[in-house]
Amino acid sequence: MSQTAESVNGTGPLMAMPTMSGGWPLLGHLPGFLKDPVSLLTRGWNDEGDLFRFKIGLSNFALFTGPEAHDFYFRAAQDELSAKACYQFTVPIFGKGVAYDVAPEVMAEQLGFLFPALRESSMRKYAKIMNQEACLYADSLDEEGQIDLPSVLNEITVRIASHSLIGKEVRHEASSEFAAAYHELQNGINVLGFFFPNVPIAAHRSRDRARQQITEIFSRIMDRRRREGSSEQDFMQTLMEARYKDGRALTDDEISGLLITVLFAGQHTSAILGTWTILELMRDADYLARVREETEELYSETGCVDLANLKQQNTLEYAIREGERLHPPLILLVRKVLKPMAYNGYEIPVGTLAMVSPAVSHRLEHVFADPERFNPDRYAPPAREDKQHHYTLIGFGGGKHRCMGKAFAILQLKVILAVLFDRFDFSFDSSFPLPNYRSWVTGPVEPCRINYKRRSRPAILKTEAA
Ligand code: HEM
């Protein structure tokens with residue numbers, strides 16, 4: 001699949017990758033990277049092209065940019081470009097024996113257990129849960145006031161995730177206990193932990209306590225379901241019924257670990273993409289009017305959100321896709337090079353940390369027309385800019401580690417945005433927020449307060465029990 005150093009050597013000598021200028025002694029490009037990684041790497045692409053190297057401290061990095069380079073990156077075998085080698089900091093969070101703690105084939109088998117939970121019949125049920133949670137939250141707000149938008153999206157997506165992924169028991173009976181432990185576990189992600197995940201500091205001790213607590217909550221629920229012989233339509237039940245190829249059932253700890261994995265992968269990322277898309281729609285009144293018109297046309301008769309109608313909300317979906325393009329929540333994906341590789345005649349040495357950056361690649365002028373502009377119509381026929389190549393939009397990754405929850409994420413964002421824009425008008429007092437590169441998921445600098453006011457006409461989307 002990918003060229004090895006030897007095979008390319010046969011056709012001519014390999015060249016060293018171009019190096020981005022401006023590195024400091026010892027620190028390399030660390031200062032610029034900490035300040036604004038996207039501007040730094042965009043400069044690298046402008047100066048050096050689709051593949052270049054740079055240094056952060058003693059580590060060597062390489063950035064692959066543009067659809068062809070993404071294709072090479074995402075097609076590489078796992079023993080060439082390894083995600084597992086880079087994501088070891090997740091092991092104390094997700095748990096031993098799951099995800100990046102096990103061989104890539106076992107991780108793939110474990111994540112594969114979740115596919116039945118993403119089937120159409122389940123998605124139909126989640127759509128109802130998403131609508132119920134979004135409406136209940138919206139109905140709890142005053143007539144008008146101020147909200148911190150990322151916190152609101154965070155709250156709604158935690159409720160949806162705990163209800164549909166883990167089950168109604170967590171949502172209704174252990175809601176605050178679970179939310180507190182989940183919050184503590186999220187706080188366990190820090191820069192030190194990236195390099196030394198097990199170093200005994202206070203943040204890591206409370207991270208480990210929180211994980212234990214979450215496992216206990218999940219085990220309690222699983223015990224009860226087994227005792228009572230009850231069966232639900234959620235991710236937890238799907239994992240309880242799954243079997244490895246050798247017929248073995250998953251242990252409670254493995255089930256908890258996989259549920260924590262999907263929660264971490266999907267909850268905060270969805271909240272952040274929802275936040276950015278709302279912010280962009282707030283400053284594009286014409287497009288927002290079309291989004292609202294679409295909602296009115298689809299739901300004015302029944303007021304009931306359902307999967308069939310959600311699938312027809314293309315105007316809204318294009319806005320979310322444009323949010324993904326301009327503000328990908330994960331701005332960098334990383335793999336470690338385990339075998340010598342070559343791309344376009346350049347040698348990529350073992351040990352290099354190979355990256356793609358959705359944030360850099362989504363603003364390439366030769367791929368997207370007028371790339372700085374929020375223009376959801378670029379996805380509608382006839383333009384279909386994202387269809388020119390299968391790796392133009394990479395906000396949900398690609399290849400073997402591509403996001404398995406993309407359809408779930410888009411569905412929930414459609415529901416949340418449809419409900420919020422159906423009920424409220426939003427406005428800023430300040431200018432459009434800047435990205436906060438200090439967080440592992442890139443949202444706006446917080447607090448990100450906006451004004452809301454209930455719309456004068458009655459809401460179209462009804463609050464229904466799921
Ligand atoms: C807007 C929301 C989301 C964004 C932007 C997003 C983005 C991504 C990206 C970029 C990757 C690839 C990471 C890499 O290559 O290193 C990924 C992987 C993953 N995502 Fe998502 N995701 C979102 C929502 C979700 C949801 C809702 C779920 C689950 C229901 C989910 C589950 C996963 C899992 C399990 C993986 C790991 C797949 C693997 O490594 O094989 N994600 N996601």
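Residues numbered from 1 in each chain as written. Predicted model: local features only at pLDDT ≥ 70, side-chain atom pairs only at ≥ 80, totals over all residues. Heavy atoms only, no water.

### Comments concerning the overall build of the protein chain
Along the backbone of the protein chain there are 19 helices and eleven strands. For the protein chain, the C-alpha radius of gyration of 23 Å lies close to 23 Å, the compact-globule estimate for 466 residues. Dimensions of the protein chain along its principal axes, counting C-alpha atoms only, are 70 × 55 × 40 Å. The 466 residues of the protein chain split such that 55% are buried. (Helix = DSSP H or I, 4+ residues; strand = E, 2+ residues; numbered from the N terminus. Rg over C-alpha atoms; globule rule 2.2 N^0.38 Å. Buried < 20%, exposed > 50% of the residue type's maximum accessible area, 1.4 Å probe, protein only.)

### Looking at the environment of G23
Checked against the element boundaries, G23 lands in the loop between strand 1 (15-16) and helix 2 (30-35). Take G23: its relative accessible area is 45%, and that puts it in the partly exposed class. Taking the C-alpha atoms as reference, G23 lies 9.7 Å from G57; in sequence the two are 34 residues apart. Apart from the residues within four sequence positions on either side, G23 is in contact with G28 and H29. (Contact = heavy atoms within 4.5 Å.)

### Notes on the pairing of strand 2 (residues 51-56)
Bridge count between strand 2 and strand 3 (residues 59-64): six bridges; the pairing is antiparallel. Residue pairing in the sheet places L51 in a bridge with F64 of strand 3. Between strand 2 and strand 3, which follow one another and run antiparallel, lie two residues, and G57 among them has a positive phi close to 60 degrees. (Pairing = 2+ DSSP bridges.)

### Observations concerning the site of the ligand
Of all residues adjacent to the ligand, which total 24 residues, the nearest are Y87, Y100, R335, H401 and C403. Contact distances for the ligand include 3.2 Å between an oxygen atom and a side-chain N or O atom of Y100. At 2.7 Å, a side-chain N or O of R335 approaches an oxygen atom of the ligand. Of all the secondary structure elements, the ones that give two or more residues to the shell around the ligand are helix 6 (104-112), helix 14 (252-282), strand 6 (333-337) and helix 19 (406-423). Looking at which element gives the most residues to the shell around the ligand, the answer is helix 14, with five residues. Its residues assigned to classes, the shell around the ligand comprises 14 nonpolar, seven polar and three charged. (Near = heavy atom within 4 Å. Polar contact = N/O pair within 3.5 Å; in protein donor to acceptor, adjacent residues only side chain to side chain. Nonpolar A, V, L, I, M, F, W, Y, C, P; charged D, E, K, R; others polar.)

### Looking at the environment of I450
Tracing the backbone through its elements, the reader meets I450 in strand 11 (residues 449-454). The exposure class assigned to I450 is buried, which follows from its relative accessible area of 1%. It is 35 Å that separates the C-alpha atoms of I450 and D208, two residues lying 242 residues apart in sequence.

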